[in-house]
Amino acid sequence: MPPRPPPSLFVTRRAWLAAALGAGAFGAWPPAAQALPARTLVFPRDHGSHPDLRTEWWYITGHAHADGQDWGFQVTFFRSRVDETRTLRSAFAARQLLFAHAAVTDVRGHTLLHDQRIARAGFGIAQADEADTAVRIGDWSLVREATTNPGGGRYTARIPAGPFSLDLQFDTTQPPILQGRQGLSRKGPQPEQASYYYSQPQLDVRGTIALAGRRIAIAPPGTAGGPAARAWLDHEFSEALMHPEAVGWDWIGMNLDGGGALTAFRLRRRDGSTLWASGSFRAGATAALQVFEQAEAMGFTPLRHWTSPRTGTRYPVAWRIDTPAGRFEVDALVDDQELDSRGSTGAIYWEGLSVLRDASGQGVGRGYLELTGYAGALRL
């Protein structure tokens, strides 16, 4: 395991503000976002960074059965354009910020371990390449390489975090899902609330999880001993996501046991009503993609809540989700999967490994549920 860089390489949120302002004067407030144009996503270029857009993330979630028990894991890298420094000439003015979150869920122990990083891009500390996925902050990294796999790639995540370490490889097994309308995904009633968004479901997983002085190997695909390890990657980049009435979102990305993939999300108002909803369903690697959009096509009904003993936030950790592809239920495998990222992105949110059931209650898949805006309105 490589040594962790010293804390001086990373910046706190206050230090970031000072770096972003550079010369000590605020720049102009970012101009109003314009609607993103429809365009064809081109790979491998669009696997890489898009620094001209304000917000971007690469997000991998997954599950594995290893060492006789179930595990969940999450790795997310964020990039954020700093508009206040765009007119400054100083080489020390931070023009791009990079954040990272990582977490491991111990299902048997009902515990979540997580860590976070933040740094400004450049100076050999942090970077996000434009040609392909290659993003890092210090010794944390997520890198893609081309392969002959279906979908054409292998992602490698190396995350030597404080309470745990992840060294994982994710092989694509299917073509990517272009969310929304060929990769342009609406996030609200106005056209400027949109992102370019694609998903890589059904990733094969191998590698190791290290924690508490032991290293746990994730068995290669096809090995007996429990459910196959699977992961899901989302890559999303945009100029604006949130409608002024939206306080957060509820999202699922689920790998179905038969090789299918289900995405469903909604943007939520303060009173809990749905402002916008969307999603997609693909029954298998070669099946046609079914895209559903707008709130009328979907229903999100909370079935069970959990209250955090640390923040007092009440989260709906089980749901009934009605989609044009059918009715499903989602239930957290561990209730306490709250992440406090006030040391980086500033948000408190819930994100965790969950089981997917069909309308009869039969388990049909696993994936991650993400709940934002319950501890306070989210702003992007």
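Quick caveat, the model's predicted, so the values are computed rather than measured.

What counts and what doesn't
- Residues numbered from 1 in each chain as written.
- Predicted model: local features only at pLDDT ≥ 70, side-chain atom pairs only at ≥ 80, totals over all residues.
- Heavy atoms only, no water.
- Helix = DSSP H or I, 4+ residues; strand = E, 2+ residues; numbered from the N terminus.
- Buried < 20%, exposed > 50% of the residue type's maximum accessible area, 1.4 Å probe, protein only.
- Contact = heavy atoms within 4.5 Å.
- Areas by Shrake-Rupley, 256 points an atom, 1.4 Å probe, with all protein chains shown as cover.
- Phe/Tyr/Trp six-rings, centres within 6.5 Å; stacked < 30°, edge-to-face > 60°.
- Polar contact = N/O pair within 3.5 Å; in protein donor to acceptor, adjacent residues only side chain to side chain.
- Salt bridge = Lys/Arg side-chain N within 4 Å of Asp/Glu carboxyl O.
- Pairing = 2+ DSSP bridges.
- pLDDT = per-residue confidence, 0-100.

Peer 1: Requested: an account of the overall build of the protein, with residues and values cited.
Peer 2: Helices and strands together make up the secondary structure of the protein, namely 1 helix and 24 strands. For the protein, buried positions account for 54% of its 380 residues. For the protein, the share of sequence-separated contacts (at least 6 apart) that also reach a separation of at least 24 residues comes to 59%. When the accessible area of the protein is evaluated, it comes to approximately 15,700 Å², of which 53% is carbon and sulfur surface.

Peer 1: Please set out the packing of aromatic side chains residue by residue, giving values where relevant.
Peer 2: Inspection of the entire model under this criterion finds 9 aromatic pairs. Taken together, a centroid distance of 6.4 Å and an interplanar angle of 70° make the contact between W57 and F78 edge-to-face. Here W57, found in strand β1 (residues 55-66), pairs with F78, found in strand β2 (residues 69-81); they are 21 residues apart in sequence, far enough to count as distant. For W57, a relative accessible area of 12% corresponds to the buried category. Looking at F78, the relative accessible area reads 17%, which means it is buried. Note on W306 and Y315: the rings are 6.1 Å apart at their centroids and 15° apart in plane angle, and the pair reads as stacked. The pair W306 / Y315 is uniform in exposure class, with both members buried.

Peer 1: Give a detailed account of the side chain of S185, specifying residues and quantitative values.
Peer 2: Relative to the helices and strands, S185 resides in strand β11 (residues 184-186). A residue is classified by how much of its surface remains accessible, and S185, at 1% relative accessible area, is buried. Polar side-chain contacts of S185 include one of 2.7 Å to the side chain of K187. When near neighbours in sequence (up to four residues on either side) are disregarded, S185 contacts Q179, G180, Q193, A194, S195, Y197 and F265.

Peer 1: Explain the environment of S341 residue by residue, including any values.
Peer 2: By secondary structure assignment, the location of S341 is in the loop between β22 (338-340) and β23 (348-357). Taking C-alpha positions, S341 is 10.0 Å from F99, a pair spaced 242 residues apart along the chain.

Peer 1: How would you sum up the pattern of salt bridges? Please name residues and give values.
Peer 2: Applying the stated criterion to the full structure yields 24 salt bridges. Residue D132 pairs with R144 through a salt bridge whose shortest N-O separation is 2.7 Å. Placement of D132 in the loop between β5 (126-128) and β6 (134-137) and of R144 in strand β7 (residues 140-146) is noted, with a sequence separation of 12 residues between them. The exposure classification of D132 matches that of R144, with both residues buried. The shortest N-O distance in the salt bridge between R181 and E293 comes to 3.7 Å. One end of the pair, R181, is in the loop between β10 (177-178) and β11; the other, E293, is in strand β18 (residues 289-293), with 112 residues separating them in the sequence. Judged by its relative accessible area of 61%, R181 is exposed. Using a relative accessible area of 17% as the deciding quantity, one classes E293 as buried. Linked by salt bridges that have partners in common, R304, D331, D335 and R357 make up one network.

Peer 1: So what's going on with the pairing of β18? Which residues, and what values?
Peer 2: Two elements, strand β17 (residues 274-282) and β18, share 5 bridges in a ladder whose sense is antiparallel. The residue of β18 that forms the bridge with F281 is Q290. Taking the residues between adjacent antiparallel strands as the criterion, β17 and β18 are bridged by 6 residues.

Peer 1: So, the confidence of the model for the protein: which residues are in play, and what are the values?
Peer 2: Within the protein, residue pLDDT values average 87, and 86% of them lie at 70 or more. Here residues 1-30 scores under 50 on pLDDT; set against residues more than four positions off or in separate chains, the count is 51 contacts.

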